Amino acid sequence: MNYIASRRNVLKGGGALVVSFAIAPNFGEAFAQGAAKSVDSKDVDAFLAIDNKGFVTVFSGKVDLGTGISTALPQMVAEELDVPMNRVKFVSGDTLLTPDQGKTWGSLTIQAGGVQLRQAAATARKALLQVAAERLNSSVALLVVNDGAISVQGEARRVTYAEIIGGRNFSLKLDDKAPQKNPKDYKIVGKPVPRVDIPDKVTGRFTYIHDVRVPGMVHARVVRPPAMGAKLESVDENSVKGIPGVQVVRQGNFLAVLANSEWGAIKAAQNLKATWSKWEGLPEQSKLWEHVRNTKVANDQETSKVGDAPAELAKEGVKKITATYDFAINTHGSMGPSCAIAEFKGGKLTSWSASQATHDLRKDLAAMLGLAVDNVRCIYFEGSGCYGRNGHEDAAADAALIAKVTGKTVRVQWSRADEHGWDPKGPPTLIDLRGAIDGAGNVTAWESEFFIPKQTTGRFHVPLIAASLSGTPQPDVAPGNVFQNSAIPYKFANVRTLCRRLDSTPFTPSWIRTPGRMQNSYANECFMDELAAAANADPVEFRVKYIDPADKRGLEAINRCATLARWEKRVSPQKNISGNILKGRGFAYVKYELVRTYIAAVADVEVNRANGAIKVTKFYLAHDCGQIINPDGLRNQLDGNVLHTMSRVFKEEITFDRSAVTSLDWVSYPVLTFSDVPEIVYDLIDRPTERPWGAGEPAAAVVPSAISNAVFDATGVRLRSIPYTPEKVKAALNAART
């Protein structure tokens, strides 16, 4: 469970002892007293501490977004140190106490952050065993560890971790050569350990960011412009004078109100009279894809090239298949609006938020306020799930700016309209594909173009709204690796995949679960199905034919999924397409980023011809993320992948006029409901001796295409524009009849 600790408390309070490791000639002398808490990722004390009762504290720069890593990461450390899970504490996302391990994103928490923690624990274990060998007058080879106690095999003599450390610090560096535990000896990793956060969450004891209270804090609401690019012309402060404790804050186009209570702040925001300029800089929604296609291209990024696809496609006598797919603009749709608290005292800022990147937020807040980075501390508390950069960081910036201007401790709570209207968006994605098939049914060329936002150099960045409105210069927008999985995992003689990086996009772009990889895999796997149909081939056999034969794990995932779903070999679509309820099944496969996590999927669907509704009745997944840390946690993640993505496939699309977002509530921006949930069946491919890979996002990449291919199988009609609303489905079915 997370807890907040000061540097002083970590070093002195509750018997906690900071543990860090460096390669020292004498381990006994290396246990130094009173060293400061390191956050240097080269030091093991950045990651681990052991107190005088033998409790282990794990310090993680990666945070739990509801993904269960506050269970999985301690599992990895507990396993390596041979201590029980109930003796492991977890501190995350506090920039004063935890190392900078990068953003919590990209399914990299276990793969990167967990591997770092495991090596830190292995280094600790190595050092502790060497000291124990001296104290027990034994060789390391004869020692065994159980529940944090080291003994000589077959003897009663023992010494505990707490006794070895004795309230002192190690001074050792991370040792990449420290031996890790043999997976065959695992007792905790690979087991379904119950999530440590769930009991408090289901009983209302859990502290979310929304529950945090800091003494003396006041409440604030930001008054947003009625149009995204509007300028603030005037403010009538007298319009809110009757509200107790109200204060108006204006910095450029940034406008906010403070009050003694949250309700007072809400009333002040509603009643404050302000005049804004007009702005109509958004495209017409009905012409969005025309706008995307005609947007200036900043640069072209060729993500793969084999042979000469354009030349092959230009040949006479080959069958040419073309298609265009699009994926709508999504908001994050976090169930609870963003919230943050900021305190500015003595020239230093403390920020409490649910940011998924507190170390990056620290730098951004420092830049916005003109502070040294060392004078900013960001502390993480869990908020509503986001799977990407939603409004959490912007709420933190709102609070920080107001706190610095007023000198008060400020809590900012966004509204639902703030969240839907102002969080950064998953950008619109447009994909053109072209393929060629020869007379024997072989694919001879594949060419694709992806119209996606540009990527600037340097770290990934989404501008802070408060900084933009107040006139603070910021780096260019950098929405993440949205080019990933534009290249394909199949071997054709001629391939060219091109990302057309657009100079602008209608809304501030951000990463949302499986950014780019979902949209790109959607188009690729649907088009792969189109080629299979054109070649009169079974969709599974078609993929097996063209996947790299050396990629055994990919082949295994495909074949195991087909077995799991009892796939029957045949050409799609169904031969008998009649009646009101049409049934079909579709297949999809992805090798995430072409380097990790293999997923194959089958979707079973029913399409109601009369009303255009699509129901997913069953969804099958074969999933290979290498070594599985917690199979129950993995299932949680895969459930979320499937259901969250189904919501995006069927329901989610922002609406807007020429000035602003208009889908500001759950009626205008609907999401998946319980009645839409299918049965989900898994084949979890565990590889204990392999490196663990991520699972928070990859499976989402196959969901849209598996569903789309199933709809084609059921109806013989291709849907190429997400979301698949009943209106779109009915229109497509009716068009196919004429």
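Once a new chain begins, its residue numbering starts again from 1 and follows that chain's sequence as written. Given that the model is predicted, a residue must reach a pLDDT of at least 70 before its local features are reported, and side-chain atom pairs must reach 80 or more before they are shown or counted; all residues, however, enter totals for whole chains, interfaces and linings. Hydrogens and waters are ignored; side-chain quantities use all the structure's heavy atoms.

### Side note on the side chain of Ser384
- Helix and strand assignments come from DSSP, with helices taken as H or I runs of at least 4 residues and strands as E runs of at least 2, each series counted from the N terminus. Within the fold, Ser384 resides in the loop between strand 17 (376–380) and helix 11 (392–406).
- Definition of a polar contact: a pair of N or O atoms within 3.5 Å, with one able to donate and the other able to accept a hydrogen when the atoms are protein atoms, and with sequence-neighbouring residues admitted only if both atoms are side-chain atoms. Side-chain polar atoms of Ser384 contact the backbone nitrogen of Gly336, separated by 2.7 Å.
- In this description, contact between two residues means that some pair of their heavy atoms is separated by no more than 4.5 Å. In this view, Ser384 contacts His210, Ser334, Met335, Gly336 and His392; residues no more than four positions away in its chain are not counted.

### Overview of the confidence of the model for the protein
- Scored from 0 to 100, pLDDT records how confident the predictor is in each individual residue. The pLDDT averaged across the protein works out to 93; a share of 95% of its residues lies at or above 70.
- Note that pLDDT drops below 50 for residues 1–34; the model gives that stretch 105 contacts with residues more than four away or on any other chain.

### A closer look at the pairing of strand 4 (residues 88–92)
- Taking burial as the measure, the five residues of strand 4 include four buried ones, the bulk of the element.
- Both strand 3 (residues 56–60) and strand 4 contribute to a ladder of five bridges, which runs parallel. When the sheet's bridge partners are listed, Ser60 is paired in strand 4 with Ser92.
- By convention, a crossover is right-handed whenever its connection, traced from the first strand over the helix to the second and viewed with the strands pointing away, goes clockwise. For the segment spanning strand 3, helix 3 (residues 69–81) and strand 4, crossover handedness is right-handed. Three labels apply to residues, based on accessible area from a 1.4 Å probe with only protein chains included: buried if under 20% of the type maximum, exposed if over 50%, partly exposed otherwise in between. Any two strands are treated as partners once DSSP identifies two or more bridges connecting them.

### A few points about the packing of aromatic side chains
- Centre distance within 6.5 Å is the pairing criterion for rings of Phe, Tyr and Trp, where only the six-membered ring of Trp is used; planes under 30 degrees apart are then read as stacked, over 60 as edge-to-face, and the remainder as tilted. On inspection of all chains with the given rule, the structure shows 12 aromatic pairs.
- Judged by centre distance (6.4 Å) and plane angle (55 degrees), the rings of Tyr490 and Tyr589 are tilted. Of this pair, Tyr490 sits in the loop between helix 13 (465–470) and strand 21 (495–502) while Tyr589 is found in strand 22 (residues 581–592), placing the two residues 99 residues apart along the sequence.
- The aromatic ring of Tyr387 is capped on one face by Arg513, whose charged end is 3.6 Å from the ring centroid. Only when the NZ atom of a Lys or the CZ atom of an Arg is both within 6 Å of the ring centre and within 35 degrees of the ring normal do we say a charge sits over the ring.

### Topic: the pairing of strand 11 (residues 254–259)
- In terms of burial, strand 11 is largely enclosed, as six of its six residues are buried.
- Direction of pairing for strand 8 (residues 218–222) relative to strand 11: antiparallel, over a ladder of four bridges. Paired with Val222 across the bridge in strand 11 is Ala256.
- The antiparallel hairpin formed by strand 10 (residues 247–251) and strand 11 contains two residues in its connecting segment, where Gly252 sits at a positive phi of about 65 degrees.

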